[in-house]
Amino acid sequence: LASVHVYAQPGATKPSGGKTPPPPPAGGPPGPMKKMITLSGEILDMGCWTSRGLRGALHRECALKCLASGIPMGIITADSVVYVLTQNHDRAMNPQQFRPPDPFAQCKSWAALQAEVTGYFWERRGTKLLEVRSAKLLPAPAPAAAPTP
């Protein structure tokens, strides 16, 4: 069996053995390897997507409200793979140290639209995540041509 460390929080009680758990390794617990990738797809609000399967132009107004209220955000690719979008931690903690625009914030305003998002990808316990580093809005797809008689 693998050993599991639970890191003590201020005010937490000690485990039954009476010993304080070891501190986390320098830099925090080890994480999965990340690699830079670029994805294209529709920006989703994960609340409505996971609970009701809602997406697309008819859902845009709701998705904008959900994302503005803090509902997690994702992107669904053409092959129906969903990735949760996350903000760069350093940018979230010290936004004044980064040049605008904030690509994560831009994605929030593009709910239900097509975008190209570049960032660090990793997968944890089956969940695909992308830490947004840059993003651009893609042109709307051309309307389908009317069938010829």
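The structure this text deals with has already been given above.
In what follows, the accompanying structure is described.

1. Description of the overall build of the chain
Broken down by element type, the chain carries four helices and five strands. Each helix (α) and strand (β) of the chain, taken in turn from the N terminus, gives the series β-α-α-β-β-α-α-β-β. Put simply, the chain has 149 residues, and 28% of those count as buried. Long-range contacts, defined here as pairs at least 24 residues apart, represent 63% of the contacts in the chain between residues at least 6 apart. Working note: accessible area of the chain is about 10,300 Å², and carbon and sulfur atoms make up 58% of it.

2. Focus on the sheet that holds strand 1 (residues 35-45)
With mixed pairing, the five strands of this closed barrel are ordered in space as 1-2-3-5-4. Within this sheet the neighbouring strands show an average axis-to-axis angle of 55 degrees, counted without direction. Relative to the sheet, helix 2 (residues 60-68) contacts strand 1 and strand 2 (73-77), its axis offset from that of strand 1 by approximately 120 degrees.

3. Let's talk about the side chain of aspartate 45
Mapping aspartate 45 onto the fold places it in strand 1. The side chain of aspartate 45 is buried and forms no salt bridge, while arginine 52, the nearest opposite charge, is found at 7.3 Å. Polar side-chain contacts of aspartate 45 include one of 2.9 Å to the backbone nitrogen of cysteine 48. Here histidine 59 takes part through its side chain, which lies 2.7 Å from a polar atom of the side chain of aspartate 45. If near-sequence neighbours (up to four positions away) are discounted, aspartate 45 is found in contact with His59, Ala63, Cys66, Leu67, Ile71 and Pro72.

The rules behind these values
Residues numbered from 1 in each chain as written. Predicted model: local features only at pLDDT ≥ 70, side-chain atom pairs only at ≥ 80, totals over all residues. Heavy atoms only, no water. Helix = DSSP H or I, 4+ residues; strand = E, 2+ residues; numbered from the N terminus. Buried < 20%, exposed > 50% of the residue type's maximum accessible area, 1.4 Å probe, protein only. Contact = heavy atoms within 4.5 Å. Areas by Shrake-Rupley, 256 points an atom, 1.4 Å probe, with all protein chains shown as cover. Pairing = 2+ DSSP bridges. Axes fitted to C-alpha atoms, helices over the stretch in contact; angles between N-to-C directions. Lys, Arg positive; Asp, Glu negative; His and termini not counted. Salt bridge = Lys/Arg side-chain N within 4 Å of Asp/Glu carboxyl O. Polar contact = N/O pair within 3.5 Å; in protein donor to acceptor, adjacent residues only side chain to side chain.

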